[in-house]
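So the chains spell out like this:
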Amino acid sequence: APGSPGPRYPEFLRSSGATGDVLVQFVVDTAGRAIVTTFRVISTTNELFAQAVERALPTMRFVPAEARGRKVRQLVQQTFAFAIVK
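Here we summarise the structure given alongside this text. Because the structure is predicted, anything quoted here is derived from the model rather than measured. (Residues numbered from 1 in each chain as written. Predicted model: local features only at pLDDT ≥ 70, side-chain atom pairs only at ≥ 80, totals over all residues. Heavy atoms only, no water.)

Considerations on the overall build of the protein
This is how the line gets drawn: Secondary structure elements are defined from DSSP: runs of H or I of at least 4 residues count as helices, runs of E of at least 2 residues count as strands, and each element is numbered from the N terminus. Only protein chains enter the accessibility calculation, which uses a 1.4 Å probe. A residue is then buried if its area is under 20% of the maximum for its type, exposed if over 50%, and partly exposed in between. Only heavy atoms enter the contact rule, under which two residues are in contact if any of them lie within 4.5 Å. Per-residue and other accessible areas follow the Shrake-Rupley method at a 1.4 Å probe size, with only the shown protein chains counted as cover for residues.
Helix and strand counts for the protein stand at two helices and five strands. When its helices and strands are written in sequence order, the protein yields α-β-β-α-β-β-β. In terms of principal-axis extent, the alpha carbons of the protein reach across some 50 × 25 × 15 Å. Buried residues in the protein amount to 34% of all 86 residues. At a minimum sequence separation of 6, the contacts of the protein that also span at least 24 residues come to 70%. Just so you have it, the protein exposes about 5600 Å², and 51% of that area is on carbon and sulfur atoms.

Side note on the nonpolar core
Quick note on the threshold: Within this scheme, the nonpolar core is defined by two criteria: the residues are buried Ala, Val, Leu, Ile, Met, Phe, Trp, Tyr or Cys, and they are joined through side-chain atoms within 4.5 Å.
Residues Val22, Val24, Phe26, Val53, Leu57, Phe62 and Phe82 are the most contacted members of the largest nonpolar core, which totals 19 residues. Secondary structure elements with two or more residues in this core: strand E1 (20-28), strand E2 (34-44), helix H2 (47-56) and strand E5 (74-82). At five residues, H2 tops the list of elements feeding residues into this core. With near-sequence residues (within four places) excluded, Val24 lies in contact with Phe39, Arg40, Val41, Ile42, Val53, Val76, Gln77, Gln78 and Phe80.

Comments concerning the pairing of E1
Every other side chain in a regular strand lies on the same face of the sheet, so the side chains alternate between the two faces. Keep this limit in mind: By this definition, two strands are paired if DSSP reports at least two bridges between them.
Most of E1 sits inside the fold, with seven of its nine residues counted as buried. Pairing geometry for E1 and E5, over nine bridges, is antiparallel. Bridging across to E5, Leu23 finds its partner in Thr79. Relative to E2, E1 runs antiparallel, the two sharing six bridges.

Okay, here's the thing in C-alpha cells:
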C-alpha cells in the first residue's frame, strides 16, 4: 500500500546477496489493516523472507475493499519481492 512501511530485508540474506519473494494471503479489515491471525504463507524462497513480511504486516495499511458502497473485509493474496538494488 502506498505510504506503508514494507518488510525489512533480513540482514543475513542481504549480506549474502540472496534475493527472493514471498506469496502470502491475509484478510484486510474495513479499516485497511491486515488481520494478523489470518496470515498464511503460500510460497516463499526463504523462510526468513516470510518472517520479515509477517513482522511488518501489523504496521502496513491497505485500501479496504468496497461492496455496494460499504467497506468490507477481503481476503487478499500479495507477493513481496526482495531484491538488492545496486
